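Commentary on secondary and tertiary structure
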Amino acid sequence: MPGQAVFQDRTDSALLRRSFRKSLPSAVRGDGAYLWDANGKQYLDFSGSAAVNFIGHGVNEIVTAMTDQARGLEFIHGSQFTTPIAEQYASELLQFAGDNFREGAVYFCSGGSEAVEAALKLARQYQVEIGERQRTQIVSRDQSYHGATLGAVAVSRNKRRREIYRPMLREFATVSTPYCYRCAYDCTDGCFNCGQEYAAEVEQVIADSEDTVAAVILEPVSGATLGAVVPPKGYLEKVAEICRRKEVLLIADEVMSGMGRTGRNFAVDHWSVTPDILVAAKGLSSGYAPLGALIISKKVVDVIASGSGSFIHGFTYSSHPISLAAGRAVLNHIAQHSLVETANSETDGSIAYTLRENLGRLLDLNAIGDVRGIGLLWAVEFVANRASKAPFPTETNFCGRVAQAAIARGLLVYPVQGCVDGDLGDHILIAPPAVISKEQISWVVEQLVAAVEEASVRP
Ligand SMILES: Cc1ncc(COP(=O)(O)O)c(C=O)c1O
């Protein structure tokens, strides 16, 4: 296939590939919003890989910060040393997270799943230390994704990524996620009022549990599984209020939505919601190094510090100096280039505003039922029938066909199936780097229209 380095059969690669059914091009270079493969083919990275890259590819100052750190000190173990980079970066990240986290603390690890695991264990330890030993449950939401490790899979409700592991998992109670395009409460007002009904589910589950819930974990703006679903006004505020009243910790998983992606430092800032623990990864290092973090409120840190005195958890690579150098340089770059403002889709003239306006044009296509999102995190949901909102049969793999047609045009998007019920439903996730230009956005939308039309006529 021209432009693609194709692996012909299984023995062509020593890697355990993500898919043995798909041939992947070999990527060799990135710059700005573009990636290139070994054959010189250019791709516009309209999904920031998987909502990872926020600052653009190939930013030299990040590489310099990492090499400087590696030359001076590549690694220490957290039981023996702290480092200047860890201390400086943690303090800057707390400031970035805002007033709610003043005098809180940061725990660094190597990615989103590790950060979610650490958050679940920290919530449990907090409850034990305040004498609430019976609190062992974590409430999560339908159609959520919190990571690939078994604890994270237990609280995730992405059916395809969970099903075969179910017998190995602890099952916790779940609540619905407000998904206004297919509202469970049949509302007709854009979920203006039914946000309260969704929030009431949280209250009910906590009441039914007889004080055994330690924490509620949610993605403030849904990530890949449901596709950039933005909660109705009042919903998150109500959930936060219920958690506070019931002494249940609120964990906001902002692995995808955090670090400026939605046009605020963290997505919870849109609703002035104050979680007890924020989980960050992906945009934290923009992909320059493996990095995740918990940003923990003073309330939780104080309990551990004045109680047992240590968090009973640890990874060898926590606070890895080279990853932290990448993260700190990325944070500095975000501030220097006002990238959070660039990602604000409410500001007339911003890149995110241009993206929102341009994506709106896609609703002219028959195969597109919904375009939703905020900032630089969007999804386009495909339907076989716009009036009934009937999805395409799963086996037609409509979103996969759109993504393939887009790749042929040099455009990367992130196709996901299952938004309707875990099996049915097709969407693509859109999460470009904030350095994408207005011209690139118009080019992309033309290519997307062509890709959707092509996917619609193919058998
Ligand atoms: C919301 C959310 N949480 C957690 C994770 C897991 O992160 P990682 O893949 O870095 O382990 C992801 C990954 O997509 C995610 O989107």
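About the cut-offs
- Residues numbered from 1 in each chain as written.
- Predicted model: local features only at pLDDT ≥ 70, side-chain atom pairs only at ≥ 80, totals over all residues.
- Heavy atoms only, no water.
- Phe/Tyr/Trp six-rings, centres within 6.5 Å; stacked < 30°, edge-to-face > 60°.
- Helix = DSSP H or I, 4+ residues; strand = E, 2+ residues; numbered from the N terminus.
- Buried < 20%, exposed > 50% of the residue type's maximum accessible area, 1.4 Å probe, protein only.
- Salt bridge = Lys/Arg side-chain N within 4 Å of Asp/Glu carboxyl O.
- Arc of directions from axis to C-beta.
- Contact = heavy atoms within 4.5 Å.
- Domains from an automatic or database assignment.
- Buried area = accessible area lost by both parts, 1.4 Å probe.
- Pairing = 2+ DSSP bridges.
- Axes fitted to C-alpha atoms, helices over the stretch in contact; angles between N-to-C directions.
- Near = heavy atom within 4 Å.
- Polar contact = N/O pair within 3.5 Å; in protein donor to acceptor, adjacent residues only side chain to side chain.
- Areas by Shrake-Rupley, 256 points an atom, 1.4 Å probe, with all protein chains shown as cover.
- Nonpolar A, V, L, I, M, F, W, Y, C, P; charged D, E, K, R; others polar.

1. Considerations on the packing of aromatic side chains
By the definition in use, this model includes eight aromatic pairs. Here the aromatic rings of Tyr 185 and Tyr 198 are separated by 4.8 Å at their centres, their planes lie at 90°, and the arrangement is edge-to-face. Residue Tyr 185 is located in the loop between strand S6 (174–175) and helix H7 (195–208), and its partner Tyr 198 is located in helix H7; the two are separated by 13 residues in the primary sequence. Look at Tyr 185 and you get partly exposed, because its relative accessible area is 29%. Note on Tyr 198: relative accessible area 1%, which makes it buried.

2. Focus on the pattern of salt bridges
Going through the model one piece at a time under the given rule, you end up with 21 salt bridges. With its nearest N and O atoms 2.8 Å apart, the salt bridge here joins Arg 245 to Glu 203. One end of the pair, Arg 245, is in helix H8 (residues 235–245); the other, Glu 203, is in helix H7, with 42 residues separating them in the sequence. A relative accessible area of 42% places Arg 245 in the partly exposed class. Take Glu 203: its relative accessible area is 23%, and that puts it in the partly exposed class. In this structure, the salt-bridge partner of Lys 298 is Asp 302, at a minimum N-O distance of 2.6 Å.

3. What to know about helix H9 (residues 298–306)
Among the residues of H9, those classed as buried are Val 300, Val 303 and Ile 304. The buried residues of H9 occupy an angular sector of 90° when the element is viewed end-on, so they sit on one face. Seen from the open side of H9, the exposed residues pointing more than 90 degrees away from its buried face are Ala 305 and Ser 306. Buried positions along H9 lie against helix H4 (112–129), strand S8 (249–253) and strand S10 (292–296).

4. Topic: the domain arrangement of the chain
Segmentation of the chain into domains returns domain 1 (10–54 + 343–457) and domain 2 (63–336). Listed as interface residues are 34 residues of domain 1 and, on the opposing side, 31 residues of domain 2. For the domain 1 and domain 2 pair, buried surface summed over both sides reaches about 2,700 Å², with 52% attributable to carbon and sulfur atoms. The largest contributions to the domain 1 side of the interface with domain 2 come from Phe 54, Ile 374 and Leu 377, which together make up 23% of the buried area. There are two salt bridges connecting domain 1 and domain 2. The residue Glu 381 makes a salt bridge to Arg 182 at a minimum N-O spacing of 2.7 Å.

5. Details of the sheet that holds strand S11 (residues 368–374)
Strand order in the open sheet formed by four strands is S11-S12-S15-S14, and the pairing between neighbours is antiparallel. The open sheet has two edge strands, S11 and strand S14 (414–417), and neither has a second partner. Taking the axes of each pair of neighbouring strands and ignoring which way they run, one obtains an average angle of 20° across the sheet. Examined bridge by bridge, S11 and strand S12 (residues 377–382) share six bridges and lie antiparallel to one another. Pairing of Asp 370 across the sheet is with Glu 381, part of S12.

6. Comments concerning the site of the ligand
In the vicinity of the ligand, the contacting residues are Gly 111, Gly 112, Ser 113, Tyr 145, His 146, Gly 147, Glu 219, Asp 253, Val 255, Met 256 and Lys 282. Interatomic distance of 2.7 Å between a side-chain N/O atom of Asp 253 and a nitrogen atom of the ligand. Surface burial for the ligand is 81%, taken as the share of its 390 Å² of free accessible area covered by protein chains. When the residues that make up the shell around the ligand are grouped by side-chain class, the tally is three nonpolar, five polar and three charged.

7. Looking at the side chain of Gln 69
Position of Gln 69 relative to the elements: it lies in helix H2 (residues 60–72). Leave out the neighbours within four places in its chain, and Gln 69 touches Glu 74, Ile 85, Pro 321, Ile 322 and Ala 325.

8. A look at the pairing of strand S5 (residues 137–141)
Burial of S5 is extensive: four of the five residues sit out of reach of the surface. Examined bridge by bridge, S5 and strand S7 (residues 213–218) share three bridges and lie parallel to one another. Each bridged residue has a counterpart across the sheet, and for Val 139 the counterpart in S7 is Val 216. As judged from the two bridges shared by S5 and S6, these two strands associate in the parallel manner. By the bridge assignment, Arg 141 is partnered in S6 with Val 175.

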